[in-house]
Amino acid sequence: MTRETRELTIKVGEVEHKVVLYTSMNGYDKLEMMKLVSKNKKLAELENPTMGDISGSEAMELQDFFLKRFIASIDGNASNPYDALMQMPSEVFDQVFLEVSKSINFGEQKKN
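Residues numbered from 1 in each chain as written. Predicted model: local features only at pLDDT ≥ 70, side-chain atom pairs only at ≥ 80, totals over all residues. Heavy atoms only, no water.

Chemist: What's the story with the overall build of the protein in this structure? I'm lost.
Modeler: The number of helices and strands found in the protein is five helices and three strands. Sequence-ordered secondary structure for the protein, helices as α and strands as β, is β-β-α-α-α-β-α-α. Here the protein, with 112 residues, has 31% of them falling under the buried criterion. The long-range fraction of contacts in the protein, counting pairs at least 24 apart against all pairs at least 6 apart in sequence, stands at 55%. (Helix = DSSP H or I, 4+ residues; strand = E, 2+ residues; numbered from the N terminus. Buried < 20%, exposed > 50% of the residue type's maximum accessible area, 1.4 Å probe, protein only. Contact = heavy atoms within 4.5 Å.)

The structure is reproduced here in structure tokens:
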């Protein structure tokens, strides 16, 4: 099954980068996210989770997780887009992270 994507063009100086992002989570992504969020929690804490319920290190772990799962390709290369992003200027990272965050709506329900 093919996942929906969208393409970003990010220009840094004179260089343009094409970044393709997935627009939603699949079942595997959701399950792995739930494992990350719940690994150090009691069941009562999981009923209505909010961003305030996770530690800074857990938030960083989730950031890495979402970047690895939502970047489909960078500059046409899909073999390891996360590593490619980490080697790019921080302005590219910041823009990609912002766009991935918009796709996730973590802690909020998407409206139909």
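Moving on from the model shown.
Chemist: For this particular structure, what's the right way to read the sheet that holds strand E2 (residues 15-22)?
Modeler: Strand pairing in a sheet relies on backbone hydrogen bonds. The paired strands run either parallel or antiparallel. Taking strand neighbours across the sheet as the criterion, the three strands line up as E1-E2-E3 in an open arrangement whose pairing is antiparallel. Only two strands of the sheet have a single neighbouring strand rather than two, namely strand E1 (5-12) and strand E3 (71-74). Strand-to-strand twist in this sheet, taken as the mean axis angle between neighbours without regard to direction, amounts to 25 degrees. Pairing geometry for E1 and E2, over eight bridges, is antiparallel. Across the sheet, the residue bridging to Arg6 is Leu21, located in E2. Helix H3 (residues 56-70) rests against E2 and E3 of the sheet, and its axis sits at about 65 degrees to E3. Its contacts with the sheet place helix H5 (residues 90-104) against E1, E2 and E3, and it is angled at close to 155 degrees to E1. (Pairing = 2+ DSSP bridges. Axes fitted to C-alpha atoms, helices over the stretch in contact; angles between N-to-C directions.)

Chemist: Sorry if this is basic, but what is going on with the side chain of Asp29 here?
Modeler: Residue placement: Asp29 occurs in helix H1 (residues 27-38). Residue classification places Asp29 among the buried positions, given a relative accessible area of 2%. For Asp29, the side chain forms a polar contact with the side chain of Arg3, separated by 3.0 Å. Ignoring sequence-local partners within four residues, the contact set of Asp29 consists of Arg3, Phe65 and Arg69. (Polar contact = N/O pair within 3.5 Å; in protein donor to acceptor, adjacent residues only side chain to side chain.)

Chemist: Would you mind going over the nonpolar core with me for this structure?
Modeler: Within soluble globular proteins, side chains that are nonpolar tend to cluster in buried spots. Ranked by internal contacts, the top residues of the largest apolar core, which has 23 residues, are Val19, Phe66, Leu67, Ile71, Leu85, Val96 and Val100. Apart from residues lying up to four places away in sequence, Val96 is in contact with Ile10, Val19, Leu21, Leu67, Ile71 and Leu85. (Core = buried A, V, L, I, M, F, W, Y, C linked by side-chain atoms within 4.5 Å.)

Chemist: Quick question: what am I supposed to make of the packing of H1 against H3 here?
Modeler: When two helices pack together, their arrangement is captured by the angle between the axes and the distance separating the axes. For the pair H1 and H3, the least separation of the axes is 10 Å and the interaxial angle reads 170 degrees. When the interaxial angle is binned, H1 and H3 end up roughly antiparallel. The residues of H3 that touch H1, namely those facing Tyr28, Asp29, Glu32, Met33, Leu36 and Val37, are Glu61, Leu62, Phe65, Phe66 and Arg69. Residues of the contact of H1 with H3, tallied by class, amount to seven nonpolar, no polar and four charged. (Parallel < 35°, antiparallel > 145°, perpendicular 65-115°, else oblique. Nonpolar A, V, L, I, M, F, W, Y, C, P; charged D, E, K, R; others polar.)

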